[in-house]
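Summary of structural features
The lines below spell out each chain.
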Amino acid sequence: MKSLSVSGKKTAALIAGAAMCVAGLAAWAYQLIAGMQVTNLRNSFTWGLYMGSFEFFIAMASGGMFVFAIAYLWDIKQLKPFTKIAAIGSLASVVASGVAIFEDLGEPFHALYMIITPNVGSPLFWDVIILTLYVIVCVVAVVLTILPDTKKHMDDRGYRMDNEEKCRKFSYIAFPAAFLVNIVTSLMFATQNTREWWHSALIPVNACAEALAVGISFTILLCVIMAKHETFVENSDGIRLLARIAAAAIAAYIVMSFIEIIPIAWSGTQESRHLLHLIFHTYGALFWLEILLPLVAMILFIVGGGLGKELVAAASVLVIIGIFIQRMMLLLPAFNSIPLTLPVAGKLWTFPIAVGTFTEGEDVFVRFWNYAPSAVEWIVGILPVGLIVFVMAGSAILFRLLPDQE
Amino acid sequence: MRYCMVIDLDKCIGCQTCAVICKMHHAQPEGTWWNRVFTQGSEYHQSAVGSNGTFKIEYLPVSCQMCENAPCERVCPTGATYRSKEGTILVDYNRCIGCRTCMAACPYGVRQFNWKDPKKAKAEAGYAYGYPFDVKDEGKRLVYTQDRPAGVVEKCTFCVECMNEDGTYHTLPACVRACPGKARFFGDLDDPNSHVSHLVRTKQVFRLKEEYGTDPKVYYISSSKPKNVEAEWADQSWENKTPNYIP
């Protein structure tokens, strides 16, 4: 079979991204018409794949902006070839996160009320504000990095130098923004004192570490996919530096993940024991995957910075899968640890919750909801992924994202 | 004015009348329950809990606790969930975006999301009932309608449709009226002469999950059923028998 040319691959990716978007949009339209009963979410388990994806794409969006900012703030020459791809990756991811959160709304047509009658005390309101600002930050970063390419005729007059100074100045905004978007988003969880799994001051800090790990891994993966072998080798110093930063972020993430569990284990209450049972028993496999996959990636990043494209790509994929699982694990034990409990005869008794739908032969009141995304949820969930693929493929066709890119 | 409810657990017989009348009166679709009653500690309703000959049955009705420091109100990004001037936590269906953050924040699991269009759901199930008129708080906020939209959150309103424009009630909430054991009491907590204030002052009352700082306005009069029914009855005569309050 004849292999595709580089431009053929880009076009194929563009078409694949567009197809994913169309499928996702069609499923979303179906969800809006039929109601959210088509998801596997119910009253006791209100957030699932969409919210997990939202959290995940926000984390992914931070890494690129971080790469952009540190490259110019500290004038790290090895990273400058990647700033364009990093900025576009961030923009695509943050737009994907916005789409994911809209997919989760039961009544998205009322969303304007967040502006008309905002509740400024709500963490979600501030999340929307910071997310909107972050989109603007990403757009500006993309424009700044792409501008020299679109106005090549000005290169002779030193346009690129001027733009670099603008990039450096803009990095003072981009750098804190990359962290702030994660901190504010995770405050939506950390402020909820009725959910033991979320109510931790460490969650926003850990979210930043996770964001760095997955965001940088995503940037590395984009470079691996889009760079020619020679370009990759030529810029391996930059890749190695990114891999080391990602490895440090993974180490911080793993340490903090266990620190978060210690106070829960220490309290020794029946509620805490139930929560630990959910984390280590019911969802034990997922918990260890969210730890072990990034751990393996960390080792590969540290020892294998120069091991070649395939290993670096594999390590990046492991981090992306691991952090996606972590984002889902933020939800799974939390919702199945129902807050209304009573001690009865020395045992913890949970007050059942009405699921909100009726299916013959199934319980209407539950204490545990075995959540797994429905088929419709998976297809709707493809939309943000398709959007990222489409934007990256389109950018690769329109712009020169890496040096020597065809 | 702060409306509150007091529920006497000694008088609750677990008959579910309050849950059913609430469901009927507010046209709740199948699977949705603003009010629910369960047997504490039991896997199955109306089944006793205990071992070695010491059993008891104690019911617990739970609906919106109308918290003074309501987490649902604080997290709502559009202000759809709000506190009325009577202190009741209500949902404006026209503003709710269905983000379900309030459901995640509520420790009592009382908030119900319309996963399906309620009107269609009821039509498919072959029934249509409920208070038929829309209720708008302060003339603008839609806080009750017979067929709530799909994709929004709903819950107990302390029967806002029974309220006059001046904030007084022309009829008591449906669950209070329907309770055959007269276990429910409703009134103004700010009025020291109201029956509910008297009950809260003089009875052994508790509120659910006070440790979350939600400051609920639903009070439960502790059951005086002895913890060990058979032992209590064997050891004490009726004259000397004293209530054994469960803290």
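Residues numbered from 1 in each chain as written. Chains lettered and ligands numbered in written order. Predicted model: local features only at pLDDT ≥ 70, side-chain atom pairs only at ≥ 80, totals over all residues. Heavy atoms only, no water.

Structural notes on the packing of helix H7 (residues 202-226) of chain A against helix H12 (residues 309-329) of chain A
Residue and element names in this part refer to chain A. Filter applied, for reference: Note on definitions: angles span 0 to 180 degrees between N-to-C directions of axes, and those axes are lines fitted to C-alpha atoms, for helices only across the stretch in contact. Secondary structure elements follow DSSP: runs of H or I of four or more residues count as helices, runs of E of two or more count as strands, with numbering from the N terminus. By definition, turning the near helix anticlockwise from the far helix through less than a right angle yields a left-handed crossing, and turning it clockwise yields a right-handed one. We call two residues contacting when some pair of their heavy atoms lies within 4.5 Å. As a working rule, the residues Ala, Val, Leu, Ile, Met, Phe, Trp, Tyr, Cys and Pro are called nonpolar, Asp, Glu, Lys and Arg charged, and the rest polar, with Gly in that last group.
Contact geometry of H7 with H12 gives a least axis separation of 9 Å together with a crossing angle of 145°. For H7 against H12, the interelement crossing comes out left-handed. Here Ala207, Glu210, Ala213, Val214, Ser217, Phe218, Ile220, Leu221 and Val224 of H7 come into contact with H12, specifically with Lys309, Val312, Ala313, Ser316, Val317, Val319, Ile320, Ile323, Gln326 and Arg327. The class makeup of the residues in the contact of H7 with H12 is 13 nonpolar, three polar and three charged.

Concerning the interface of chain A and chain B
Accessible area lost on assembly of the parts is the figure often given for the size of an interface. To keep things clear, this is the line we draw: As used here, buried area is the combined drop in accessible area, with a 1.4 Å probe, of two parts when they are placed together.
Each partner contributes to the interface: chain A provides 52 residues, whereas chain B provides 49 residues. In this assembly, chain A packs against chain B so that about 4200 Å² is buried in total across both faces, 59% of it on carbon and sulfur atoms. Of all the elements in the fold, those that place two or more residues in the side of chain A that touches chain B are helix H1 (6-34), helix H4 (113-116), helix H5 (123-150), strand E1 (341-344) and strand E3 (353-354) of chain A. Of the residues in the side of chain A that touches chain B, the class split is 29 nonpolar, 17 polar and six charged.

Some thoughts on the packing of aromatic side chains
Our working rule: Paired rings are identified among Phe, Tyr and Trp, the last through its six-membered ring, by centres lying within 6.5 Å, and are further divided according to the angle between planes into stacked (under 30 degrees), edge-to-face (over 60) and tilted (the rest). Accessible area is worked out with a 1.4 Å probe on protein chains only. A residue is then buried under 20% of its type maximum, exposed over 50%, and partly exposed in between. By definition, being over a ring means that NZ of Lys or CZ of Arg is both within 6 Å of the ring centre and within 35 degrees of the ring normal.
Counted according to the given criterion, the structure contains 33 aromatic pairs over all chains. Geometrically, the ring pair formed by A:Phe280 and A:Trp288 is tilted, given 6.2 Å between the ring centres and 45° between the ring planes. Its relative accessible area of 35% is what places A:Phe280 among the partly exposed residues. When its relative accessible area of 38% is taken as the criterion, A:Trp288 is described as partly exposed. Judged by centre distance (5.1 Å) and plane angle (80°), the ring pair of A:Phe287 and A:Trp288 falls under edge-to-face. Aromatic ring contacts, followed pair by pair, group A:Phe45, A:Trp47, A:Phe189, A:Trp198, A:Phe335 and A:Tyr371 into a single cluster. Sitting above the plane of the B:Trp115 ring, A:Arg42 keeps its charged end 5.9 Å from the centroid. If you follow B:Arg141 out to its NZ or CZ, it ends over the ring of B:Tyr82, 3.8 Å from the centre.

Observations concerning helix H4 (residues 118-125) of chain B
Structural remark: α-helix, 3.6 residues per turn; residues separated by three or four positions point the same way. All names here are of chain B. Definition in use: Think of the arc as the fan of directions from the helix axis to the C-beta atoms.
Among the residues making up H4, those that are buried are Pro118, Ala121 and Lys122. Across the axial projection of H4, the buried residues extend over an arc of 95°, all falling on one side. Residues of H4 that are exposed and point more than 90 degrees away from the buried face comprise Lys119, Ala123 and Glu124. Once H4 ends, the next one or two residues include glycine 126, with phi positive near 85°.

Examining the layout of surface pockets
Residues and elements named next belong to chain A. What counts is decided by this rule: A cavity, in this analysis, means grid points on a 1 Å lattice covering only the protein atoms where a 1.4 Å probe fits yet has no way out; a pocket is instead an open set bounded by protein on both sides within 12 Å along at least five of seven lines, and a residue lines either one if it has an atom within 4 Å of a point. Grid points are joined across faces, edges and corners, and a volume is the space filled by probe spheres set on the points.
Counted as a void, the largest pocket has a volume near 870 Å³. Lining the largest pocket are 32 residues; nearest its centre among them are Leu222, Ile225, Met226, Val389 and Met392. Taken together, the elements giving at least two residues each to the lining of the largest pocket come down to H1, helix H2 (49-73), H7, H12 and helix H14 (375-398). At nine residues, H14 tops the list of elements feeding residues into the lining of the largest pocket. Per-class residue counts for the lining of the largest pocket are 25 nonpolar, three polar and four charged.

Some details on the state of the cysteines
All names here are of chain B. Using the following cut-off: By disulfide we mean two sulfur atoms from cysteines, separated by a distance within 2.5 Å.
This structure, assessed with the given rule, holds zero disulfides over all chains. Of all cysteine sulfurs in the structure, the one in cysteine 156 sits closest to cysteine 64, which takes part in no disulfide; the separation is 5.7 Å. Between cysteine 162, a free cysteine, and cysteine 159, which holds the nearest cysteine sulfur, the sulfur-to-sulfur gap is 4.6 Å.

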